[in-house]
Amino acid sequence: MSVDKGPYQHFMAKEIHEQPDSLRRALLGLVDHHSCKLKPFLEEIDFAGVDRVLLVACGTAHYACHIAKYWLEDFAGLPVEVEIASEFRYRNVALSGREIAIFVSQSGETADTLAALNHLRNRVAHRVAVVNVPTSSIAREAEHIVEIQAGPEIGVASTKAFTGQLICLAALAVKAGLQRGTVSQADEQNLLSNLTMLPRQITEILALDGAIQAVAKDLVDAGDVLFLGRGVMYPLALEAALKLKEISYIHAEGYAAGELKHGPIALIDQSVPVVVFAPSDEHFEKLVSNGKEVAARGGRLIWVTDPKGASKLKDVEGSVLKVPEAWDAWAPIAHAVVAQLIAYHVAVLKGTDVDQPRNLAKSVTVE
Ligand code: G6P
């Protein structure tokens, strides 16, 4: 199938803007929009009989796993381990045989993820592939598949596949909670009706392109950028830093905001912009304290928050990018689009090769 850029300058921009549609597609496969209940999927798996979840992936897909860990712990009370495939394949992990191992990959061809999948053959209860390419090697080798439904992704830096992976993993976490009796039917409807609001919220975020370009102008001359989050927004901060590094070649780090004082705060001065993913959730007040520590050392703060959060930031230093409020657990999916647009606009301002960044490949099929 030949894919073109349409009206966009880069595939990455096109793929970022496709997300309301690609997520709608993913949701249609997993959620009944009338009843706000899960459609049948992975029917052979009963999470009540599972004692641990292993989430294995590389790159951006690994950060999707990291976010899903929070959901699975929260909704299903399951122990979860998130593994980098290139490490996992060589480890002697203690297994009970009652684990479900989930391998997440856009391409389904990443050599390390495939090797990790093979490493667990006949050693765990279930091996599930969450993939964008249903004919891929990882899809073929796994016993169960969940399709991301993102459509072809050409830009090397993953965007719509990442948010699609998150939708699949969110549905999976709700399913796990239902089967284990920790998510009621009312909870299911609440979680899923909020999940189905994401395409509309993301459309609104895409309309903030001008404001996000202004943030990008603020970052373009930086040598280092820090991204902070707490709770489920922490792994999103890791993904935001990866995105910026990949395509703009600016050194960036994602940090759990509470960990700032254990090292990275030493880096803070006026030359280091600090982007804080701060939805108005249970961690908001703590994040504000962390932000104040940054401001006290001359750091330049950029807050990404919702209207409720923005109203509480009036007396706090830094600029504020206001995005629509998403359900707390799903906020990383909405904020991911902000992170993608920030990286994209910084790269465009720097004039890098956005779709084919130096030294990187779309799919790494060698060890
Ligand atoms: C490469 C790509 C990344 C991607 C990673 C994992 O490094 O440049 O964008 O996240 O591989 O790829 P996968 O296809 O397994 O998701």
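The coordinates are above.
The present account deals with the structure reproduced in this document. (Residues numbered from 1 in each chain as written. Predicted model: local features only at pLDDT ≥ 70, side-chain atom pairs only at ≥ 80, totals over all residues.)

### Some words on the overall build of the chain
Okay, step 1: Check the secondary structure of the chain and you find 14 helices and twelve strands.
Okay, step 2: In summary, the chain has a C-alpha radius of gyration of 20 Å against a globular reference of 21 Å for 367 residues, a match within 12%.
Okay, step 3: By principal-axis analysis of the C-alpha atoms, the chain measures approximately 55 × 45 × 45 Å.
Okay, step 4: Across the 367 residues of the chain, 52% fall into the buried class.
Okay, step 5: Put simply, 76% of the contacts in the chain that link residues at least 6 apart link residues at least 24 apart. (Helix = DSSP H or I, 4+ residues; strand = E, 2+ residues; numbered from the N terminus. Rg over C-alpha atoms; globule rule 2.2 N^0.38 Å. Buried ≥ 20, exposed ≤ 12 C-beta atoms within 10 Å, placed from the backbone. Contact = placed C-beta atoms within 7 Å.)

### Looking at the pairing of strand 8 (residues 224–229)
Okay, step 1: Most of strand 8 sits out of view: five of its six residues are buried.
Okay, step 2: Where strand 8 lies against strand 9 (residues 251–256), six bridges are found, and the strand directions are parallel. Note on strand 9: the bridge partner recorded for Leu228 is Tyr255.
Okay, step 3: As a crossover connection, the stretch from strand 8 through helix 11 (residues 233–248) into strand 9 is right-handed.
Okay, step 4: Where strand 8 lies against strand 10 (residues 273–277), three bridges are found, and the strand directions are parallel. From the neighbouring strand, Leu226 faces strand 10, where its bridge partner is Val274. (Pairing = 2+ DSSP bridges. Right-handed = clockwise from strand over helix to strand, strands pointing away.)

### Let's talk about the site of the ligand
Okay, step 1: Taken together, 16 residues lie around the ligand, and Gly59, Thr60, Ser105, Ser107 and Thr110 are the ones closest in.
Okay, step 2: Residue contributions to the shell around the ligand peak at three residues, all from helix 3 (residues 59–76). (Near = placed C-beta within 6 Å.)

### A few points about the packing of helix 7 (residues 160–180) against helix 8 (residues 185–195)
Packed helices, taken two at a time, are described by their axes: the angle between them and the distance between them.
Okay, step 1: Running from N to C, helix 7 and helix 8 point in directions that differ by 175 degrees, and their axes come no closer than 11 Å. For the element pair helix 7 / helix 8, the angle class is roughly antiparallel. Every residue of helix 8 that contacts helix 7 at Ala170, Val174 and Leu178 is listed here: Glu188, Leu191, Leu192 and Leu195. (Axes fitted to C-alpha atoms, helices over the stretch in contact; angles between N-to-C directions. Parallel < 35°, antiparallel > 145°, perpendicular 65-115°, else oblique.)

### Some thoughts on the sheet that holds strand 12 (residues 319–322)
Okay, step 1: Across the sheet, five strands lie side by side as 9-8-10-11-12; this open sheet has parallel pairing. Every other strand in the sheet has two partners, leaving strand 9 and strand 12 as the edge strands with one partner each. Averaged over all neighbouring strand pairs, the angle between strand axes comes to 20 degrees, with direction disregarded.
Okay, step 2: Strand contacts of helix 11: strand 8, strand 9 and strand 10, with the helix running at about 175 degrees to strand 9, the strand carrying the most contacts.

Shape is all these values report; function is a separate question.
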